[in-house]
Structure formats: structure tokens, C-alpha cells
Amino acid sequence: MELRHLRYFVAVAEERNFTRAAQRLHIAQPPLSRQIQQLEESLGVQLFERNSRPLKLTETGKFFYSHAVQLLAQTSELESMTRRVGNIERSMSVGFVASTLYGLLPKIIRRFRDENPTVELSLHEMSTTDQIRALKDGRIDVGFGRIRLEDANIRRVVLREEKMIVAFPLGHPLALSKPVSALRDLVNETLIVYPKTPRPSYADQVLAAFQDRGLKPRKVYEVREIQIALGLVAAGEGISIVPSSVHGLKREDVSYKDLDDPTLVSPIIMSTRMLDESRDIREMLELIYRLYEEEKIQHTPRPEEEH
Ligand code: BEZ
């Protein structure tokens, strides 16, 4: 029995008439009748009641029909899945820290997908530290993070240095009084930092900013992630220092202020496996610099092409 027999049988069973089934299958009626006869002979059963008009399935025919329909549906799924697998020439897994979602990451991903429709792209939220492990394990191909972690097997490209800003609860006196904030004015506040683990993390960049200036916040509150930090700011639990792109996340209960010191920055770093020169990674980097130019976003100089 071949798939062709199933298709012919299903057509006859559904049309209940050989002439209409032959038209639907774009074949002549005599060969169709022969094929059905062959099928009944090879199975050693009768699928249609003899001399019934319109054609009626026997009980065995009904049983065979329901299985034949399922089998044909499965083969059609197999066809489309195989075509899709064949068309996906490449795949790329991207690790990212949550705060990059407030920056250009969504635009980068959309643009990359538009320009590379046959690349299967997957996204995984993870800390910069976890990105290094995942790159080495082959679970991701590129990571976007904020921490400069030294590793001989990892290539880092600092894409840009993003300014840090302060998130105040709405109506906070410091948010109302001065146009810009200085870190020294914030030491009497509860400083909410994230992520608590793994360390080092963006939390350490913020704490180092105070320490480097000989300042010590009155109280530090460590939380798991940026959304929790902002939620607690909104609740009046303290203030938080966040990358400036978070400003785009408009919250009515949080007001953002620039800091007076241009050296207060957090880098956005692209990490890849050392010597991974794959076409997708090159295209991703090209696309990022193109977007920076289009959006007139200041960035660090492009790395020299390595040969
Ligand atoms: C950016 O905002 O510059 C950025 C975010 C994620 C990946 C790369 C760049």
C-alpha cells in the first residue's frame, strides 16, 4: 500500500462517487477504480458496499477512512516541517541582561529578523556572568551585558557607555529642587541596587561609583532585578541609579533625573566566543553600528577588523 492509495481512497470516500473523485484528483476514472480495487485486494477487505449509489463505506471502510485521514494529515505536517527545517540555514541564541531591553535590544532583534529571515533567533535573559558560562557551553552565541569580565576565551566589544540617571519616587524633594543630581546629595537616601546575585553585577558598578568618590550611602537595599527596584522606588522605599535608557519606560510614579557627572556611565558590552567569526555575529555587530548612526547615538569606536 502506498500513500497514493490513501489519497485516492479518501477522495472517493468523501465524494461518494468515482467520477467526482477522479475530477478532484485530476486523473481519469478507470485508473482510479483500478487503484481502489487493488487496495481492497491488497488489504483483503471490502471498503465500499457493492453497488451502493451514492457509494457507502463498509464498517471496515469507515475504520480505514479515519486512520487514512490522520496519516495524510501527518504526512502533510511532515512536508511543511521538513521544508521549514531546510529553510532555516542558521540559528543564533542571544543572552541579554534585562536593562538592555529598555535600550536598543528590541529594535536590534526586530531588524535582525527582518534582514535575516532564515536565521532562527532565540532570546535568553541572563546576567553577564551567566552569559560567559553560556557562551562557553554553546548555549548562546552572543551576549549583551554590562560587566567587564576578563576571560581568555571570550571576546568583548564595548558598544557604548550609557549614562546613569537617578530614579526618584514622584514628588521627592531632591527631584523637585535641582535640575541635576550629584551622588553626594543622595547619600542620605536608601539606595536600591540590583541584581543581588550573581556578583559582580550592575549593583557593584553603582556601589563603586559612590565608593570611588569617597561616599557611602546611608542604607543599601539589594533586590533581584530592575523592575523590582523601580517598583520599590515608586512605592517610596528609596532611590535607584539606572541606565538612562530606562527613562523610556515611562512610569507616572517615578521621576528620573540626570547626574551631574559625565563619567557616571555603565557600558553595554557584546560578548562572543573568541575567534567565532561567524557571519551572523558580524551582521549583528554591523547592524548595531548602523542603528547607532541612524539614531545618532554616541558609541565607542568600532573595533578593527581582525584577520
Ligand atoms: C544599546 O542600547 O545600545 C544596545 C542594547 C542591546 C544590545 C546592543 C546595544
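Please read these numbers as outputs of a predicted model, since none were measured by experiment.

Asker: Explain the domain arrangement of the chain to me, using residue names and the numbers behind them.
Answerer: Looking at the assigned domains, one finds that the chain contains domain 1 (3-85), domain 2 (88-159 + 267-306) and domain 3 (160-265). Between domain 1 and domain 3, the C-alpha centre-to-centre distance is 70 Å.

Asker: Before we move on, can you summarise the pattern of salt bridges with the specific residues and values?
Answerer: Under the definition given, this model contains 26 salt bridges. Here E283 and R279 are joined by a salt bridge, their closest N and O atoms 3.6 Å apart. Linking E283 with R279, this pair stays in helix α10 (residues 279-294), spanning four residues, or about one helical turn. Under the relative-accessibility criterion, E283 is labelled partly exposed at 29%.

Asker: Describe the packing of helix α1 (residues 3-15) against helix α2 (residues 18-25), with residues and values.
Answerer: Close contact between α1 and α2 brings their axes to 8 Å; oriented N to C, the two are set at 130 degrees. Relative to α2, the element α1 lies oblique. Between α1 and α2 lies a crossing whose hand is right-handed. Contact with α1, carried on its side by R7, Y8, V10, A11, V12, E14 and E15, involves F18, R20, A21, R24 and L25 of α2 and no other residues of that element. For the contact of α1 with α2, the per-class residue count stands at seven nonpolar, no polar and five charged.

Asker: Which residues make up the layout of surface pockets, and what values do they have?
Answerer: For the largest pocket, the calculated volume is near 410 Å³. Together, 22 residues line the largest pocket, and A98, E125, S127, P195 and R224 are the ones closest to its centre. Every element with two or more residues in the lining of the largest pocket is listed here: α6 (128-137) and α9 (226-234). Looking at the lining of the largest pocket element by element, the count peaks at three residues for α6. Here the lining of the largest pocket is built from residues that sort into ten nonpolar, seven polar and five charged. Of the residues that make up the lining of the largest pocket, three or more belong to each of domain 2 (88-159 + 267-306) and domain 3 (160-265).

Asker: Describe the pairing of strand β6 (residues 219-222), naming the residues involved and giving the relevant values.
Answerer: Side-chain direction in a regular strand flips from residue to residue, so the side chains alternate between the two faces of the sheet. In terms of strand pairing, strand β5 (residues 190-193) meets β6 through four bridges, oriented parallel. Its bridge partner lying in β6, T190 is registered against K219. Chirality of the crossover, the property in question, places the unit of β5, helix α8 (residues 202-212) and β6 among those that are right-handed.

Asker: I'd love a proper account of the environment of V206, names of residues and values included.
Answerer: If you trace the backbone, V206 turns up in helix α8. Under the relative-accessibility criterion, V206 is labelled buried at 2%. Here the alpha-carbon distance between V206 and T100, two residues 106 residues apart in the chain, equals 16 Å. Excluding residues that lie within four positions of it along the chain, V206 makes contacts with M164, L191, V193 and I241.

Asker: Provide a residue-level description of unusual backbone geometry, including the pertinent values.
Answerer: Look at the link from Y194 to P195: it is a cis peptide, with omega at -15 degrees. The residue after R199, namely P200, is reached through a cis peptide bond having omega -5 degrees. Within the element layout of this structure, P200 appears in the loop between β5 and α8. The backbone phi angle of L275 is positive, close to 70 degrees, even though this residue is not glycine. The exposure class of L275 is exposed, given its relative accessible area of 70%. In this model, K296 sits at a positive phi of 55 degrees, which is unusual for a non-glycine residue. Structurally, K296 is set in the segment after α10. A residue is classified by how much of its surface remains accessible, and K296, at 73% relative accessible area, is exposed.

Rules behind the numbers
Residues numbered from 1 in each chain as written. Predicted model: local features only at pLDDT ≥ 70, side-chain atom pairs only at ≥ 80, totals over all residues. Heavy atoms only, no water. Domains from an automatic or database assignment. Salt bridge = Lys/Arg side-chain N within 4 Å of Asp/Glu carboxyl O. Helix = DSSP H or I, 4+ residues; strand = E, 2+ residues; numbered from the N terminus. Buried < 20%, exposed > 50% of the residue type's maximum accessible area, 1.4 Å probe, protein only. Axes fitted to C-alpha atoms, helices over the stretch in contact; angles between N-to-C directions. Parallel < 35°, antiparallel > 145°, perpendicular 65-115°, else oblique. Left-handed = near helix turned anticlockwise from the far one by under 90°. Contact = heavy atoms within 4.5 Å. Nonpolar A, V, L, I, M, F, W, Y, C, P; charged D, E, K, R; others polar. 1 Å grid on protein atoms, 1.4 Å probe; cavity = no way out; pocket = protein on both sides within 12 Å on 5 of 7 lines; lining within 4 Å. Points joined across faces, edges and corners; volume = space filled by probe spheres on them. Pairing = 2+ DSSP bridges. Right-handed = clockwise from strand over helix to strand, strands pointing away.

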